[in-house]
Amino acid sequence: ADLRQVPAKDCGRDDILLFSESQSRLLVTVRPGNKDQFEEIFAGQDFALIGEVVEQPVLEITGGSGQVVLQADIQTLKASWQAPLKEL
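Trainee: Teacher, can you tell me more about the pairing of strand 2 (residues 68-73) here?
Mentor: Both faces of the sheet carry side chains from a regular strand, because those side chains alternate between them. Bridging between strand 1 (residues 58-62) and strand 2 involves five bridges; their strand directions are antiparallel. The partner of Thr62 across the bridge, within strand 2, is Val68. As consecutive antiparallel partners, strand 1 and strand 2 are separated by five residues, and within that stretch Gly66 has a phi angle of approximately 95°, a positive value.

Dropping the structure here:
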């Protein structure tokens, strides 16, 4: 994901852009073959292509400055997310 592509005004900070609870913000995965149709449906709305799903099991996020701000293995992230649930 490339945060420079997110349509946000005067945000300035990567953490705010990533974790704010702005209204009506969605993250959608669209198959490449459906990209044009998806964009046609949402024409006139604020939206942007900010990344792509790849085979490598790594989440990489590029911040507003162009530097990679996060690069982490998907399995490690999943384990961290699920850990509190295992304690219940």
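Still more ground to cover, so stick around.
Trainee: Help me understand the layout of surface pockets in this model?
Mentor: In this approach the atoms are scanned with a rolling probe the size of a water molecule, which exposes any empty space left behind. Reported here for the largest pocket is a volume of approximately 1,800 Å³. What lines the largest pocket is a set of 41 residues, among which Leu26, Leu27, Val28, Ala48 and Ile50 lie closest to the centre. Contributions of two or more residues to the lining of the largest pocket are made by helix 1 (14-19), helix 2 (35-41) and strand 1. The dominant element in the lining of the largest pocket, judged by the number of residues it contributes, is strand 1, at four residues. Split into classes, the residues belonging to the lining of the largest pocket amount to 26 nonpolar, eight polar and seven charged.

Trainee: What is the right way to look at the packing of aromatic side chains in this model?
Mentor: Tallying each qualifying case throughout the model produces two aromatic pairs. Residues Phe38 and Phe42 carry aromatic rings whose centres are separated by 4.8 Å and whose planes lie at 40° to one another, so their mutual orientation is tilted. Owing to a relative accessible area of 35%, Phe42 belongs among the partly exposed residues under this scheme. Ring centres of Phe38 and Phe47 lie 6.3 Å apart, and the angle between their planes is 90°; on these two criteria the pair is classed as edge-to-face. Taking the relative accessible area as the measure of exposure, Phe47 reaches 33% and is therefore partly exposed. Joined through ring pairs, the aromatic side chains of Phe38, Phe42 and Phe47 make up one cluster.

About the cut-offs
Residues numbered from 1 in each chain as written. Predicted model: local features only at pLDDT ≥ 70, side-chain atom pairs only at ≥ 80, totals over all residues. Heavy atoms only, no water. Pairing = 2+ DSSP bridges. Helix = DSSP H or I, 4+ residues; strand = E, 2+ residues; numbered from the N terminus. 1 Å grid on protein atoms, 1.4 Å probe; cavity = no way out; pocket = protein on both sides within 12 Å on 5 of 7 lines; lining within 4 Å. Points joined across faces, edges and corners; volume = space filled by probe spheres on them. Nonpolar A, V, L, I, M, F, W, Y, C, P; charged D, E, K, R; others polar. Phe/Tyr/Trp six-rings, centres within 6.5 Å; stacked < 30°, edge-to-face > 60°. Buried < 20%, exposed > 50% of the residue type's maximum accessible area, 1.4 Å probe, protein only.

Honestly, it's all geometry; don't read function into it.
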